[in-house]
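# Report on the structure
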Amino acid sequence: MNPYLPALREETETWAREMGMLDSDETPSAHRAIWTLSQFHAMAVDQLSAWALPDASLTDLRLNHRFNLWALAWDDYFVSAFKRTGDLAGAQAFTARLHAFLPPDPGARLPEPTNAVERGMADLQQRLYPPRLAHWRQGLNRALARYIDAGVQELANSRASRVPDLIEYAQFRRESFAAYTAPYSVELSTGARIPEQIRHSRTFCALLDAFMDYMGLANDIASYRREVHDERDVNNLVIVLQTSLGITVQEAMHAAADLVTARLRHFEHLTQSELAPVAQRAGLNHGERIELEAWLRGACSFLSGLHAWYTGAPRYAPVDGPPAADAERLGRGAVDDLLIPHGRSDSGAAPDGTSTRLVHARL
């Protein structure tokens with residue numbers, strides 16, 4: 001846990017109110033704020049930031065935290081304004097306008113914000129890029145563009161009741177979860193750059209893929225009730241597996257857990273066994289190796305923090321619980337059991353291996 005969490009809590013409401021994301025009371029106001037105060041605190045985003053970035057300075061923690069708040073504000077606003085209404089044309093117009101707030105040129109003039117999402121992004125564009133991190137402005141903005149564009153595709157899928165194919169979805173989930181922004185968050189919080197000599201190597205790209213896959217795929221298990229029951233969304237790994245493999249929801253839950261476990265173990269294997277020879281062949285000097293090790297520690301903390309949030313925040317484990325038919329398998333403890341499966345072999349398979357064999361056969 002980052003020691004600056006108390007300081008973060010003192011200021012977290014202030015920024016959300018300034019951006020227009022947060023209402024002053026429990027009744028949503030006419031200016032269409034995104035959250036009530038109780039909804040805001042139930043998200044526990046300050047804890048997410050402190051869990052995921054335990055070694056960040058207060059300045060870097062604050063920036064990452066505001067970025068996390070913005071991403072959730074975009075998500076909840078998009079659901080309320082477009083997904084629940086099925087307004088595809090409105091979603092496309094909203095997204096096209098938001099692209100203007102992601103300029104490649106740091107000196108570009110931004111439009112005047114008209115809502116909380118635009119206001120939050122305009123503010124972040126002024127703060128997220130200190131001189132030491134100017135090198136990744138274009139990369140982060142490209143990652144953000146992929147994130148907001150994925151929302152339109154999700155809405156199109158839901159409107160057409162089109163469940164993505166399993167192979168298609170694995171790649172798409174990295175975009176729809178904003179996972180492509182995560183390596184930049186780790187770099188910002190640790191102050192460590194990924195050495196350019198290995199950044200585009202096959203091994204490190206595979207490591208990044210596994211790192212990003214865990215985030216979104218684990219989120220699909222944790223947010224199954226919220227997305228499928230509350231939002232009627234079809235863009236969820238459990239639904240994708242159920243449809244692609246022709247299995248029950250319960251079997252799909254365990255198959256999803258197997259995939260999450262496999263991706264995490266692949267990340268661990270690459271980190272522990274295959275990255276060192278790549279670094280040696282690339283000729284990394286002592287300072288570059290130290291930076292790489294710091295970034296990897298930060299990436300591990302990031303995944304650990306996400307898991308703590310998925311299994312503990314009321315956003316994913318609401319007090320009133322899921323519908324009765326799903327309560328036993330989708331309650332707080334059940335989600336934790338799925339994300340860290342018990343009684344499994346070293347291969348990550350369930351005791352009888354059924355769900356893993358189904359997934360491998362499909363792949």
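To be clear, the structure that these remarks concern was listed above.
All figures in this text were calculated on a predicted structure; none of them were measured in a lab.

Turning our eyes to something else, we now look at the overall build of the protein chain. Helix and strand counts for the protein chain stand at 18 helices and 0 strands. By the burial criterion, 55% of the 363 residues in the protein chain qualify as buried. Long-range pairs, those at least 24 residues apart, make up 72% of the contacts in the protein chain between residues at least 6 apart in sequence. A total of about 15900 Å² of accessible surface is found on the protein chain, and carbon and sulfur atoms cover 51% of it.

Two side chains carrying opposite charge are able to pair once their charged atoms lie near each other. This structure, assessed with the given rule, holds 18 salt bridges. Here R226 and D76 are joined by a salt bridge, their closest N and O atoms 2.9 Å apart. Within this pair, whereas R226 is found in helix α12 (residues 224-230), its partner D76 is found in helix α4 (residues 58-83), the two being separated by 150 residues in sequence. Its relative accessible area of 23% is what places R226 among the partly exposed residues. Residue D76 is classed as buried on the basis of its relative accessible area of 12%. Residues R146 and E175 are paired through a salt bridge, measuring 3.3 Å at the closest nitrogen-oxygen approach. Taken as a pair, R146 in helix α7 (residues 137-159) and E175 in helix α8 (residues 166-176) lie far apart in primary sequence, 29 residues in all.

Below, the discussion takes up helix α3 (residues 45-52). Among the 8 residues of α3, 6 are classified as buried, and the element is accordingly described as predominantly covered. Among all positions of α3, only V45, D46, L48, S49, A50 and A52 are buried. If you follow the buried residues of α3, they end up packed against α1 (5-19), α2 (37-43), α4 and α15 (286-312).

Glancing now at the packing of α3 against α4. Running from amino to carboxyl end, α3 crosses α4 at an angle of 130 degrees, the nearest separation of the two axes being 9 Å. Of the possible angle classes, the one that applies to α3 and α4 is oblique. Every pair of crossing elements has a handedness; the one defined by α3 and α4 is right-handed. Residues V45, D46, L48, S49 and A50 of α3 touch α4, and the partners they reach there are L61, H65, N68, L69 and L72. Split by residue class, the contact of α3 with α4 holds 6 nonpolar, 3 polar and 1 charged.

This part is about unusual backbone geometry. Most peptide bonds take the trans form, and the phi angle of most residues other than glycine is negative. One non-glycine residue with positive phi stands out, namely S161, at about 50 degrees. As for its placement among the helices and strands, S161 is situated in the loop between α7 and α8. A relative accessible area of 58% means that S161 is categorised as exposed. Phi is positive for A178, which is not a glycine, with a value near 65 degrees. Note that A178 resides in the loop between α8 and α9 (182-190). Overall, the relative accessible area of 10% leaves A178 in the buried class.

Before going further, it helps to spend a moment on helix α13 (residues 237-245). Among the residues of α13, those classed as buried are L237, V238, I239, V240, L241 and L245. Capping of α13 at its N-terminal end is provided by N236; its side-chain oxygen lies 2.9 Å from the backbone amide nitrogen of V238. Directly beyond the C-terminal end of α13, a positive phi value near 65 degrees is found at G246.

Take the packing of α1 against helix α6 (residues 116-127) next. For the pair α1 and α6, the least separation of the axes is 8 Å and the interaxial angle reads 120 degrees. With respect to α6, the element α1 is oriented oblique. Contacts from W15, E18 and M19 of α1 reach α6 at A116, R119, G120, D123 and L124. Partitioned by chemical class, the residues of the contact of α1 with α6 number 4 nonpolar, 1 polar and 3 charged.

Rules and cut-offs
- Residues numbered from 1 in each chain as written.
- Predicted model: local features only at pLDDT ≥ 70, side-chain atom pairs only at ≥ 80, totals over all residues.
- Heavy atoms only, no water.
- Helix = DSSP H or I, 4+ residues; strand = E, 2+ residues; numbered from the N terminus.
- Buried < 20%, exposed > 50% of the residue type's maximum accessible area, 1.4 Å probe, protein only.
- Contact = heavy atoms within 4.5 Å.
- Areas by Shrake-Rupley, 256 points an atom, 1.4 Å probe, with all protein chains shown as cover.
- Salt bridge = Lys/Arg side-chain N within 4 Å of Asp/Glu carboxyl O.
- Axes fitted to C-alpha atoms, helices over the stretch in contact; angles between N-to-C directions.
- Parallel < 35°, antiparallel > 145°, perpendicular 65-115°, else oblique.
- Left-handed = near helix turned anticlockwise from the far one by under 90°.
- Nonpolar A, V, L, I, M, F, W, Y, C, P; charged D, E, K, R; others polar.
- Polar contact = N/O pair within 3.5 Å; in protein donor to acceptor, adjacent residues only side chain to side chain.

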